[in-house]
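# Remarks on the overall topology
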Amino acid sequence: MARAFVVFNYDSRSDAVVRVEIDGLDAINTFKTDMDAQGNPVKYPGCFIPRAKNGTPGEHVIAGWMHTVKPVDDNVFQFVVNELGKNAPIAKNVRGKTGVVTVSFFDACEPGETPQGRNFGETGKGKLMKVDYTLKQVQVASGPLSIVNIRYSRNPKN
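These numbers were taken from a predicted model, which means no experiment stands behind them. What you see as residue numbers is a count from 1 along each chain, following the sequence as written. Local features in a predicted model are, by the rule used here, given only for residues with pLDDT of at least 70; side-chain atom pairs are given and counted only at 80 or more, and totals for whole chains, interfaces and linings are based on all residues. Neither water nor hydrogens contribute to the side-chain values; these are computed over all heavy atoms in the structure.

### So, the pairing of strand E3 (residues 15-22)
Counted only if it meets this: For each residue, the accessible area found with a 1.4 Å probe, counting protein chains only, is set against the maximum for its type, and the residue is called buried under 20%, exposed over 50%, and partly exposed in between. Under the DSSP-based scheme used, a helix requires at least four consecutive residues in state H or I and a strand at least two consecutive residues in state E, with every element numbered from the N terminus. Any two strands are treated as partners once DSSP identifies two or more bridges connecting them.
Most of E3 is tucked away, with six of its eight residues classed as buried. Taken together, the eight bridges between E3 and strand E9 (residues 101-108) define a ladder with antiparallel strand orientation. By the bridge assignment, Ile-22 is partnered in E9 with Val-101. As defined by bridge partners, E3 adjoins strand E5 (residues 47-49) across three bridges and the pair is classed as antiparallel. Pairing of Val-17 across the sheet is with Phe-48, part of E5. Direction of pairing for E3 relative to strand E4 (residues 25-26): antiparallel, over a ladder of two bridges. Note on E4: the bridge partner recorded for Glu-21 is Asp-26. Between E3 and E4, which pair antiparallel one after the other, the connecting turn spans two residues, and Asp-23 there sits at a positive phi close to 50 degrees.

### Structural notes on the pattern of salt bridges
For clarity, the cut-off: In the sections that follow, a salt bridge refers to a side-chain nitrogen of Lys or Arg positioned within 4 Å of a carboxyl oxygen of Asp or Glu.
Counted according to the given criterion, the structure contains three salt bridges. Asp-11 is paired through a salt bridge with Arg-13; the nearest N and O atoms lie 3.5 Å apart.

### Some points on a nonpolar patch on the surface
Short version of the rule: Here, patches come from residues exposed beyond 30% relative accessible area and free of salt bridges, joined within 9 Å for like charges and within 5 Å for nonpolar side chains (Val, Leu, Ile, Met, Phe, Trp, Tyr). Note that accessible areas follow from Shrake-Rupley with a 1.4 Å probe, and for residues the cover is restricted to the protein chains shown.
On the surface, a nonpolar cluster with roughly 380 Å² of combined accessible area is contributed by Val-6, Phe-8, Tyr-10 and Val-61. Relative to the helices and strands, Phe-8 is located in strand E2 (residues 5-9).

### Quick look at the packing of aromatic side chains
The line we're drawing: Stacked, tilted and edge-to-face are the three classes assigned to paired rings of Phe, Tyr and Trp, where Trp is represented by its six-membered ring and a pair needs centres within 6.5 Å; plane angles under 30 degrees give stacked, over 60 edge-to-face, the rest tilted.
Tallying each qualifying case throughout the model produces three aromatic pairs. Summarising the aromatic geometry, the rings of Phe-31 and Phe-77 are spaced 6.3 Å apart at their centres and angled 75 degrees between planes, so their arrangement reads as edge-to-face. Taken together, the residues Phe-31 in the loop between E4 and E5 and Phe-77 in strand E8 (residues 76-80) connect sequence positions 46 residues apart. Here the aromatic residues Phe-31, Trp-65 and Phe-77 are joined through ring pairs into a cluster of three or more.

### Remarks on the side chain of Thr-68
Note the cut-off: Within 3.5 Å is the distance limit for a polar contact, defined as a pair of N or O atoms, with the added protein rule that one can donate a hydrogen and the other accept it, and that residues adjacent in sequence qualify only through two side-chain atoms. Contacts are assigned to residue pairs that have any heavy atoms within 4.5 Å of one another.
Turning to its location among the elements, Thr-68 is positioned in the loop between strand E7 (64-66) and E8. Classification of Thr-68 by relative accessible area gives buried; the value is 6%. Engagement of the side chain of Thr-68 in a polar contact is seen with the side chain of Asp-34, the distance being 2.4 Å. There is a polar contact of 3.1 Å between the side chain of Thr-68 and the backbone nitrogen of Lys-70. Apart from residues no more than four positions distant in its own chain, Thr-68 is found in contact with Thr-33, Asp-34 and Asn-75.

### Some words on the environment of Lys-32
Topologically, Lys-32 is positioned in the loop between E4 and E5. By relative accessible area, which is 14% here, Lys-32 ends up buried. A sequence separation of twelve residues divides Lys-32 from Tyr-44, and the C-alpha atoms of the two residues are 9.6 Å apart. Once residues lying within four places of it in the same chain are set aside, the contact partners of Lys-32 are Pro-41, Val-42, Lys-43, Tyr-44, Met-66 and His-67. A distance of 2.6 Å separates a polar side-chain atom of Lys-32 from the backbone oxygen of Val-42.

The quantities given are spatial measurements derived from coordinates; they are silent on function.
Take a look at the structure:
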C-alpha cells in the first residue's frame, strides 16, 4: 500500500523547507541519484513549502523516496508498507527496534533576505478554524500497527 506525506505552512510571513526522515533515512536524499557537474552527489536541503496566501496554507506533497529531480516518468519510489524485514532501512543496513518519523521545518527566503528565525515564542492554541469531520462507525484493532513520534526543540541548533 503506497503512502505519502503532506506538509503545510500556515505562516503567511515566511516560506519553509521541510526535511522528512523515516527510520533515519532522508526521504529526499537517501535513494536519489542526482550528481553535480563534477560528478559528486547533490545534497538537497529538503522540500520547499510556500508561505500561506489569502488564508490558504502553502502545501507540499512528499509522494515517496526521491530518485531524481529530472522530469522523467520514474523519478520517485513509492513509500510502501512491506512485509517485516523488507523495509528501506534494512536495505540500507540501518536497523533499530523502533521506527521513527522525523519532520524538520526550516525558515526559507530568497537569496539576500534573512530568515525570520524562531524567536517569536512557543507552540500554543491558535484561532479557531473550520475542519469538516465525518463520523463513521468502525472496529479498531487492539494495538497500533505503527506509532509516529513528533518531537520539536524550543531552541533548535542550526
